Amino acid sequence: MTIRDAIEADLPAIVRIYNATVPTRMVTAELEPTTVEARLSWFREHSPEQYPFWVAESGDRVIGWLDFKKFLPRCAYRGTAEISVYVDEEFRRRGVGQRLLEHAIARAPSLGITALIGLIFGHNEPSLKLFERFGFERWAFLPGVAQLDGMERDLIVMGRHCPARSTAGAKSLVQSQTNKRVSDSLSLMHTLMQYRHESIHSQLLKIRDKYSMLHLDVLILIYHFAKIGSGDILEIGAFVGGATIAAAFGVRDSGRNKKLITIEPGGSVKHKRLGTRNILRDLERNLARQRVTEMVTIIKGRSFDAATIRAVHDTLGPDKIGLLILDADAAKRRDIECYRDKFSDDCWMVIDDYYGTDSNEKITPSRTDVDALVAAGSLEPLGFYGWSTWVGRWRRRDAGDQLV
Ligand SMILES: C[S@@+](CC[C@H](N)C(=O)[O-])C[C@H]1O[C@@H](n2cnc3c(N)ncnc32)[C@H](O)[C@@H]1O
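These figures come from a predicted structure and were not determined experimentally. (Residues numbered from 1 in each chain as written. Predicted model: local features only at pLDDT ≥ 70, side-chain atom pairs only at ≥ 80, totals over all residues.)

Side note on the domain arrangement of the protein
(1) Moving on: Domain annotation of the protein identifies domain 1 (2-165) and domain 2 (172-394).
(2) Moving on: Computed over C-alpha atoms, the centres of domain 1 and domain 2 are 36 Å apart.
(3) Moving on: Each partner contributes residues to the interface: domain 1 has seven residues there, and domain 2 has six residues.
(4) Moving on: For the side of domain 1 that touches domain 2, the class distribution of residues is four nonpolar, one polar and two charged. (Domains from an automatic or database assignment. Contact = placed C-beta atoms within 7 Å. Nonpolar A, V, L, I, M, F, W, Y, C, P; charged D, E, K, R; others polar.)

Some details on the environment of Glu 294
(1) Moving on: Take Glu 294: it is sitting in the loop between α9 (279-289) and β10 (296-300).
(2) Moving on: Residue Glu 294 is classed as exposed on the basis of its 9 C-beta neighbours within 10 Å. (Helix = DSSP H or I, 4+ residues; strand = E, 2+ residues; numbered from the N terminus. Buried ≥ 20, exposed ≤ 12 C-beta atoms within 10 Å, placed from the backbone.)

Some thoughts on the pairing of strand β8 (residues 232-236)
(1) Moving on: A large share of β8 lies buried, amounting to five of its five residues.
(2) Moving on: Along β8, one buried face is formed by Asp 232, Leu 234 and Ile 236 and the opposite face, lined by Ile 233 and Glu 235, is buried too.
(3) Moving on: Judged from the five bridges that link them, β8 and strand β11 (residues 321-326) form a sheet pairing that is parallel. Along β11, the bridge assignment pairs Leu 234 with Leu 324.
(4) Moving on: Both β8 and strand β9 (residues 260-264) contribute to a ladder of four bridges, which runs parallel. Within β9, the position partnered with Leu 234 by the bridge is Ile 261.
(5) Moving on: Handedness of the crossover is the feature at issue here: the chain leaves β8, passes through helix α8 (residues 242-254), returns alongside β9, and the resulting connection is right-handed. (Pairing = 2+ DSSP bridges. Right-handed = clockwise from strand over helix to strand, strands pointing away.)

Side note on the packing of helix α6 (residues 199-211) against α8
(1) Moving on: It is at 9 Å that the axes of α6 and α8 come closest, and there the two elements cross at 155°. Taken together, the axes of α6 and α8 lie roughly antiparallel to each other. Remark: the crossing between α6 and α8 carries right-handed chirality. Residue-level inspection shows Ile 200, Leu 204, Ile 207, Arg 208 and Tyr 211 of α6 in contact with α8, the latter providing Gly 242, Ile 245, Ala 246 and Phe 249.
(2) Moving on: Taken together, the residues of the contact of α6 with α8 sort by class into seven nonpolar, one polar and one charged. (Axes fitted to C-alpha atoms, helices over the stretch in contact; angles between N-to-C directions. Parallel < 35°, antiparallel > 145°, perpendicular 65-115°, else oblique. Left-handed = near helix turned anticlockwise from the far one by under 90°.)

Thoughts on α6
(1) Moving on: Here α6 contains 13 residues, and its C-alpha end-to-end distance of 18 Å stays within 8% of the 18 Å for a straight helix at 1.5 Å per residue.
(2) Moving on: Of all the residues in α6, the buried ones are Leu 204, Ile 207, Arg 208 and Tyr 211. Projection of α6 onto a plane perpendicular to its axis shows the buried side chains occupying an angular sector of 100°, all on one side. Pointing more than 90 degrees away from the buried face of α6 are the exposed residues Ser 199, Ser 202, Lys 206 and Asp 209.
(3) Moving on: Its buried side turned inward, α6 meets α7 (216-228), α8 and α9. (Expected span 1.5 Å × (residues − 1). Arc of directions from axis to C-beta.)

The structure is reproduced here in structure tokens:
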């Protein structure tokens, strides 16, 4: 599933999804189905920079949508937006509404939005629960304000600040989560220091010098996660195999059977130390030299191609990914979206290109993507290592999606 800005050609699908909810009397206060023509001016009031309109798409089909609109016209309310989420009947309970909501919370700060509001009927329990799962609280109760088929219905204003503000109860939960995160981060730094006194340190130093653009500390952490983690390993952007070999050594030393999958489209690279005319040829040669060929499945292609995604799923089978090494191009969020359904709870994440100078065009978009996922609570940061690498964990939310 992908989320993108809606275009006018999507309007028939948007209206179809909307109209399907009218007879349920659960979602909209509209009592009759609407038409594309009637909705055109409403659609055109949106803009990607201020009040976006997004569609969720699967294959070529629009399966859900979310829009932002002004909460109230006065300037002082500029930072508050109302959102509406609609999901195609056939695609409910598959996380579509959840993904759209998550995206809205993550993107709100960059749109200048500091609070989100959802207007939900009091009897629409599934939608109320979904919003609550994403930190929305009941900010207002408007009793009997809607007349639906002769019945008075209540309206609830669900709201949350972006980023979230903590109430007293939430504060202590946030505090204990922060304490745990600080202790996990410190323990990771301590682990790294311990490895500096082990033979793997000098082994990986040689691997780094010969085959890797990453910092030695990052290779050591990749080795560590591959060794201690449960689940398989997915690497996106192998290049000539530095990080792949570090992960393979970790799998070898774990004494367990873990699949190590790496995606690399190949090509040539000019680089003072690691230049190559044929990435894939050198990758295969380097894995063979380090005797890890048998442990690694190379998928030759780009991370986001349908054939690559299929090949990764086929190789994993029912297994989950316990470590993701993301060091391809700048589109970190795109790659995470492609494989997130296979991440284990607490999947370790090593994401490069988080920090650097503006001259490296990968840095700004990569950092924006990572920061947005951290803001949405999907990624938990545990440290910043080497030249430019973000290290942390995936945080799974409740998988169930409800009627919205
Ligand atoms: C910075 S290098 C990876 C360096 C490697 N991690 C190391 O240890 O040296 C990035 C690699 O990602 C590959 N790449 C770029 N876009 C990709 C994509 N969409 N999917 C998979 N690999 C990609 C490039 O071909 C390149 O080999």
